[in-house]
Amino acid sequence: MDVKDFKIQWFPGHMTKARRMMEDQLRLVDVVVELLDARIPGSSINPMLRQMAGSKPRVIALNKMDMADPVKTEAWLYRLKQEGAPVCSIDCHTGKGVKQMLNLVKEVARPVTEKWLKKGVLNHDIRLMIVGVPNVGKSTLINRLAGRVKAIASDRPGVTKQKQWVTIAKGLQLLDTPGVLWPKFENPEIGLHLALTGAVKDDIYDRRDALVLLLQEMLQKYPQQLAMFYNIVLTPEDTAETVMEKIGAARGCVKAGGVLDLNKVEQMVLYEFKTAKMGRFTLDEP
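For every chain, the first residue of its written sequence is number 1, and the numbers climb from 1 along that sequence. With pLDDT at 70 or above as the cut-off, local features in this predicted model cover only qualifying residues; side-chain atom pairs require 80 or more to be listed or tallied, and sums for whole chains, interfaces and linings still use all residues. The basis for every side-chain value is the complete set of heavy atoms in the structure, and neither hydrogens nor water enter the calculation.

### A closer look at the overall build of the chain
When helices and strands are tallied, the chain shows 11 helices and 6 strands. Each residue is placed in one exposure class: buried if its accessible area under a 1.4 Å probe, protein chains only, is under 20% of its type's maximum, exposed if it is over 50%, and partly exposed if it falls in between. By residue count, 51% of the 286 residues in the chain fall in the buried class. Throughout, a contact is declared for two residues whenever any of their heavy atoms are within 4.5 Å. For the chain, restricting intrachain contacts to residue pairs at least 6 apart in sequence, the fraction spanning at least 24 positions comes to 70%. A total accessible area of about 13,800 Å² is found for the chain, and carbon and sulfur atoms account for 50% of it. What counts as a helix is a DSSP run of H or I of at least four residues, what counts as a strand is a run of E of at least two, and both are numbered from the N terminus. Residue-level accessible areas treat just the shown protein chains as cover; the underlying method is Shrake-Rupley with a 1.4 Å probe.

Pasting the structure below:
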């Protein structure tokens, strides 16, 4: 199967509303934190959000670093730094890298705070906006920053739908916003990678096609890790379809009569990839 044949579009009404809200609120924000998924740094860049943010001071944070290929993460950090904005990698769940991210925010906000000081305002809060695609970890990051549950965290895309300001530290206020996708993916591989990592709902794309394309990528980029995790032997002749059969046999995904249950294989492999049970992988090449 060719990735060009993978079709996916998702732009529900609440995302249109969220985009308009963000456009209205950006004038109140001093710094934009662009949260990307470290497994798909390129695919999780939302060009619409970047356009809306314009020339606002920006910090780029690669979240879910614990789920991504560490070598490729370093390469992506280097590449993104070339854009001129400060870049860091973080893990929202453990808090790793979050302090560095906040230091970068204060650094890029310094011209703003100095401007207020010249006006005689000593305690002007730095106002942040975290932007990113659905399920990239914004709510989990806010919960950690606030030190208490202030935003609803979920592994389902589209959970955060209302605007809320959160005080995350002395002098720092953060605007939580819903995850927003853009109207059309020009590159079908971007849509695939967003689907595989949970940025779009499972019911708006063909999961079997997604599995076939995922296994094709794994065979190309991470064949040894794939074979080791599922305890299978791969050959140069293997295709995604034969790998599905080998995984099904190895995991006992069998229906009555000894027939392989490929639906079970599909559900299992997509879940084990999305939750990083399979290992740490980065689909986007730096």
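### Structural notes on the packing of helix H8 (residues 207-221) against helix H11 (residues 262-274)
Orientation of H8 relative to H11, taken along the N-to-C sense of each, is 60 degrees, at an axis distance of 10 Å. By the angle between their directions, the pair H8 and H11 is classed as oblique. For H8 against H11, the interelement crossing comes out left-handed. In this structure, H8 uses Arg-207, Arg-208, Ala-210, Leu-211, Leu-214, Leu-215 and Met-218 to contact H11, whose residues at the interface are Leu-262, Asn-263, Val-265, Glu-266, Gln-267, Val-269, Leu-270 and Phe-273. Classification used: nonpolar for Ala, Val, Leu, Ile, Met, Phe, Trp, Tyr, Cys and Pro, charged for Asp, Glu, Lys and Arg, polar for all others including Gly. Taken together, the residues that form the contact of H8 with H11 break down as 10 nonpolar, 2 polar and 3 charged. As a rule, the C-alpha atoms of each element are fitted with a line to give its axis, helices using only the stretch in contact, and angles between N-to-C directions run from 0 to 180 degrees. For this classification, under 35 degrees means roughly parallel, over 145 means roughly antiparallel, 65 to 115 means roughly perpendicular, and everything else is oblique. Note on convention: near helix rotated counterclockwise from far helix by under a right angle means a left-handed crossing. Clockwise means right-handed.

### Regarding the packing of aromatic side chains
A pair of aromatic rings is counted whenever rings of Phe, Tyr or Trp (Trp by its six-membered ring) have centres within 6.5 Å, and the orientation is called stacked for planes under 30 degrees apart, edge-to-face for over 60 and tilted otherwise. Scanning all chains against the criterion turns up 4 aromatic pairs. Measuring from centroid to centroid gives 6.0 Å for Phe-6 and Tyr-205, while their planes differ by 55 degrees, and the two rings are tilted. Placement of Phe-6 in the segment before helix H1 (13-25) and of Tyr-205 in the loop between helix H7 (188-196) and H8 is noted, with a sequence separation of 199 residues between them. With centroids separated by 6.3 Å and ring planes inclined at 10 degrees, the aromatic side chains of Phe-273 and Phe-281 adopt a geometry described as stacked. Of the two residues examined, Phe-273 and Phe-281, each falls in the buried class. Aromatic rings pair up to connect Tyr-222, Phe-273 and Phe-281 into one cluster.

### Observations concerning the environment of Asn-63
Inspection of the secondary structure puts Asn-63 in strand S2 (residues 58-63). We classify Asn-63 as buried; its relative accessible area is 3%. Along the backbone, Asn-63 and Leu-35 are 28 residues apart, and their C-alpha atoms lie at a distance of 6.5 Å. Every residue in contact with Asn-63, bar those within four places of it in the chain, is listed here: Leu-35, Leu-36, Asp-37, Ala-38, Ile-90, Asp-91, Cys-92, Val-136 and Gly-137.

### Focus on the nonpolar core
By convention a nonpolar core is built from buried Ala, Val, Leu, Ile, Met, Phe, Trp, Tyr and Cys residues, the set being connected through side-chain atoms within 4.5 Å. In terms of nonpolar packing, the biggest core is built from 79 residues, with Ile-90, Met-101, Leu-141, Leu-215, Ile-247 and Val-269 touching the most fellow members. Looking at which element gives the most residues to this core, the answer is H8, with 7 residues.

### Some details on the pairing of S2
Across the 6 residues that make up S2, a large majority, 5, are buried. Strand pairing is defined by DSSP finding a minimum of two bridges between the two strands. Relative to S2, strand S1 (residues 31-37) is paired through 6 bridges, and the arrangement is parallel. Residue Asp-37 lies in a different strand from S2, and its bridge partner there is Asn-63. Seen with its strands pointing away from the viewer, a crossover is right-handed if its path from the first strand over the helix to the second goes clockwise. The parallel pair S1 and S2 is bridged by helix H2 (residues 47-53), and the resulting crossover is right-handed.

### Here's the deal with H7
When we look at burial in H7, the residues that qualify are Gly-191, Leu-192, His-193, Leu-194, Ala-195 and Leu-196. Packing partners of the buried residues in H7 comprise H8 and H11. Pairing of N or O atoms within 3.5 Å defines a polar contact, subject to two protein rules: one partner must be a possible hydrogen donor and the other a possible acceptor, and residues neighboring in sequence count only if both atoms are side-chain atoms. Backbone nitrogen of Glu-189 and a side-chain oxygen of the N-cap are separated by 2.9 Å at the start of H7; the cap is Asn-187. Following H7 by one or two positions, Gly-198 adopts a phi angle in the positive range, close to 95 degrees.

### Remarks on the confidence of the model for the chain
Detailed conclusions should not be drawn from predicted coordinates in areas where pLDDT is low. With 89% of its residues at a pLDDT of at least 70, the chain reaches an overall mean of 86. Note that residues 151-161 has pLDDT below 50 and, in this model, 31 contacts with residues that lie over four places away or in other chains. Per residue, pLDDT measures the predictor's confidence, with a range of 0 to 100.

### Describing the pattern of salt bridges
Two side chains carrying opposite charge are able to pair once their charged atoms lie near each other. The working definition used for a salt bridge is a side-chain nitrogen of Lys or Arg within 4 Å of a carboxyl oxygen of Asp or Glu. In the structure shown here, the tally under the stated rule is 14 salt bridges. With a closest N to O distance of 2.7 Å, Lys-72 and Glu-285 form a salt bridge. Linking Lys-72 in helix H3 (residues 70-81) with Glu-285 in the segment after H11, this pair joins segments that are 213 residues apart in sequence. Residue classification places Lys-72 among the buried positions, given a relative accessible area of 14%. Among the charged side chains, a network of salt bridges with common partners joins Asp-202, Arg-207, Arg-208, Glu-266 and Lys-274.

### A look at the environment of Ala-61
Here Ala-61 shows up in strand S2. Using a relative accessible area of 0% as the deciding quantity, one classes Ala-61 as buried. Apart from the residues within four sequence positions on either side, Ala-61 is in contact with Glu-34, Leu-35, Leu-36, Cys-88, Ile-90 and Met-101.

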